[in-house]
Amino acid sequence: MYQVKRSSARLILREITVEDVDAVFAIYGSQEATEHLSFEPRTRAQVGEIVARSVASAAAEPRTEYALIVVERSTEDPVGFGRVALDPHQQRGATFGFALRPDVWGVGYGLETVQLLLGFGFDELGLHRIWGARSPLNVASARTMAAAGMTEEGTIREHILKAGQWRDSVVHSMLDSEWATIAPVSS
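Cut-off values and rules
- Residue positions are given per chain, counted from 1 along the sequence in the order it is written.
- With pLDDT at 70 or above as the cut-off, local features in this predicted model cover only qualifying residues; side-chain atom pairs require 80 or more to be listed or tallied, and sums for whole chains, interfaces and linings still use all residues.
- Each side-chain value is derived from all of the structure's non-hydrogen atoms; neither hydrogens nor water enter the calculation.
- In this description, strands pair whenever DSSP reports at least two bridges between them.
- Strands are runs of DSSP state E lasting at least 2 residues, helices are runs of H or I lasting at least 4, and numbering of each runs from the N terminus.
- Note on method: axes are straight lines fitted to C-alpha atoms, helices fitted across the in-contact stretch only, with angles between N-to-C directions ranging 0 to 180 degrees.
- Contact definition: two residues touch when any of their heavy atoms are within 4.5 Å.
- Each cavity reported here is a set of points on a 1 Å grid over the protein atoms alone in which a 1.4 Å probe fits but cannot get out, each pocket an open set with protein on both sides within 12 Å along at least five of seven lines, and each lining residue one with an atom within 4 Å of a point.
- Grid points are joined across faces, edges and corners, and a volume is the space filled by probe spheres set on the points.
- As a working rule, the residues Ala, Val, Leu, Ile, Met, Phe, Trp, Tyr, Cys and Pro are called nonpolar, Asp, Glu, Lys and Arg charged, and the rest polar, with Gly in that last group.

**Overview of the sheet that holds strand 7 (residues 151-162)**
With respect to topology, eight strands assemble into an open sheet ordered 1-2-3-4-5-6-8-7, the strand pairing being mixed. In this open sheet, the two strands that pair with only one neighbour each are strand 1 (5-7) and strand 7. For this sheet the average axis-to-axis angle between neighbouring strands, irrespective of direction, equals 25°. Note: strand 5 (residues 93-100) against strand 6 (residues 129-134), three bridges, orientation parallel. When the bridges of strand 6 are listed, glycine 93 appears paired with arginine 129. In this fold helix 4 (residues 109-124) packs onto strand 1, strand 2 (11-15), strand 3 (65-72), strand 4 (78-86), strand 5, strand 6 and strand 8 (165-175), with an angle of close to 155° to the strand it touches most, strand 5.

Now the structure itself:
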């Protein structure tokens, strides 16, 4: 199995393990953290099932999903979650997503996380296009993806059903040729 591990100045992006249930629950179980995500807060049991599926998917051949934990380098504290999923309907394409614990918002970890995920997809998986969607109200995510060099492509109308209400999604993407001109140095 291919083991993912990338790092930036302050963060490490690594494979998820069963020991990461509490770290993911700190995000997926939080009303604040899931406000703009596509689902309501999860229970710890639900998060345990998600993590177990993610760990199992890492062993799939061919591998199509990469569920990754974002860890502070200095403390080794898990602070976020990222995902890259190959798109079976697009050659060399993938979707991505990320979420951080609310207590680490506002310090630039979102940008570093997006850069790590894009770098992984382009540099290691050889992807041509990576895209992600956000809630129209998630201004912080819009700023983060713009700062990473992603292009806002448009809106998918009534894309997500959450709490009984349809919600649009705003799509951002990047191409490998764009990444090649701005790629930050990572290890």
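That was the structure; now back to the text.
**Points about the pairing of strand 8**
Pairing of strand 6 with strand 8 involves six bridges; the strand directions are antiparallel. Bridge pairing links arginine 134 to valine 170 in strand 8. Bridge analysis of strand 7 against strand 8 gives eight bridges, and the strand direction is antiparallel. Note that in strand 8 the partner of glutamate 152 across the bridge is histidine 172. Taking the residues between adjacent antiparallel strands as the criterion, strand 7 and strand 8 are bridged by two residues, where alanine 163 takes a positive phi near 55°.

**Considering the environment of glycine 48**
Within the element layout of this structure, glycine 48 appears in helix 3 (residues 44-57). When the C-alpha positions of glycine 48 and threonine 17 are compared, they lie 11 Å apart, and in sequence the two are 31 residues distant.

**Description of the layout of surface pockets**
There is about 1,200 Å³ of room inside the largest pocket. Lining the largest pocket are 45 residues, with Leu37, Gly97, Phe98, Ala99 and Ala133 positioned closest to its centre. Considering every element that reaches the lining of the largest pocket, the biggest residue donor is strand 5, with six residues. The class makeup of the residues in the lining of the largest pocket is 21 nonpolar, 15 polar and nine charged.

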